[in-house]
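As a plain string of letters, each chain reads:
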Amino acid sequence: MKRRKFTAKFKTKIVLEALKERETTNELSQRYDVAPQQITSWKREFLQNAEGVFTKGSKSQKSEAQEKEERLLKTIGTLKVENDFLKNALS
């Protein structure tokens, strides 16, 4: 049996419904065909990371942007060194 992958949007929808507590976790699991333990796990993870929503600029977004900038700067440096080498070779 293949492992199913769920989108973040789907997980968020289920977690928000679970937090409303209008239905039990078992009822939600039957409706969405997801194990109750999985819903509990998503809910726990969501609550642990909830404060990150209100921080200015997500840490993961910053780190991704910083990594991209570092890669670009490294590429620029490499290209500059190669360019200087080729200029000297032609002289």
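Residues numbered from 1 in each chain as written. Predicted model: local features only at pLDDT ≥ 70, side-chain atom pairs only at ≥ 80, totals over all residues. Heavy atoms only, no water.

1. What to know about the overall build of the chain
Part 1 of the argument: Regarding its fold elements, the chain presents four helices and zero strands.
Part 2 of the argument: Of the regular secondary structure in the chain, the N- to C-terminal order runs α-α-α-α.
Part 3 of the argument: In terms of C-alpha radius of gyration, the chain reaches 24 Å, well past the compact-globule figure of 12 Å for 91 residues.
Part 4 of the argument: Considering the chain as a whole, with its 91 residues, one finds that 11% of them fall into the buried category.
Part 5 of the argument: Taking all contacts inside the chain whose residues are at least 6 apart in sequence as the whole, residues at least 24 apart take part in 42%. (Helix = DSSP H or I, 4+ residues; strand = E, 2+ residues; numbered from the N terminus. Rg over C-alpha atoms; globule rule 2.2 N^0.38 Å. Buried < 20%, exposed > 50% of the residue type's maximum accessible area, 1.4 Å probe, protein only. Contact = heavy atoms within 4.5 Å.)

2. Focus: the nonpolar core
Part 1 of the argument: Listed in full, the eight residues of the largest apolar core are Ile14, Val15, Ala18, Leu28, Tyr32, Val34, Ile39 and Trp42.
Part 2 of the argument: Elements that contribute at least two residues to this core include exactly α1 (8-20), α2 (25-32) and α3 (36-48).
Part 3 of the argument: When residues of this core are assigned to their parent elements, the largest contribution, three residues, is made by α1.
Part 4 of the argument: Sequence-distant contacts of Ile39, that is, excluding residues within four places in its chain, are made with Ile14, Ala18, Thr25, Leu28, Ser29 and Val34. (Core = buried A, V, L, I, M, F, W, Y, C linked by side-chain atoms within 4.5 Å.)

3. Notes on a negative patch on the surface
Part 1 of the argument: On the surface, Glu64, Glu67, Glu69 and Glu70 cluster together into a negatively charged patch.
Part 2 of the argument: Residue placement: Glu69 occurs in helix α4 (residues 59-90). (Patch = residues over 30% accessible without salt bridge, like charges linked within 9 Å, V, L, I, M, F, W, Y side chains within 5 Å. Areas by Shrake-Rupley, 256 points an atom, 1.4 Å probe, with all protein chains shown as cover. Salt bridge = Lys/Arg side-chain N within 4 Å of Asp/Glu carboxyl O. Lys, Arg positive; Asp, Glu negative; His and termini not counted. Charge placed at Lys NZ, Arg CZ, Asp CG, Glu CD.)

4. Here's the deal with unusual backbone geometry
Part 1 of the argument: Phi angles above zero are rare outside glycine, and Glu21 is one such case at about 60°.
Part 2 of the argument: Positive phi outside glycine occurs at Asp33, with the angle close to 55°.
Part 3 of the argument: With respect to the helices, strands and loops of the structure, Asp33 is situated in the loop between α2 and α3.

5. Overview of α1
In an α-helix there are 3.6 residues to a turn, and that puts residues three or four apart on one side.
Part 1 of the argument: A rise of 1.5 Å per residue sets the reference length of α1, with its 13 residues, at 18 Å; its end C-alpha atoms lie 18 Å apart and thus fit the reference within 8%.
Part 2 of the argument: Those residues of α1 not exposed but buried are Ile14, Val15, Glu17 and Ala18. Here the buried residues of α1 occupy an arc of 160° about the axis, which is enough to place them on one side. Facing away from the buried side of α1 by over 90 degrees, the exposed positions are Ala8, Lys9 and Lys20. (Expected span 1.5 Å × (residues − 1). Arc of directions from axis to C-beta.)

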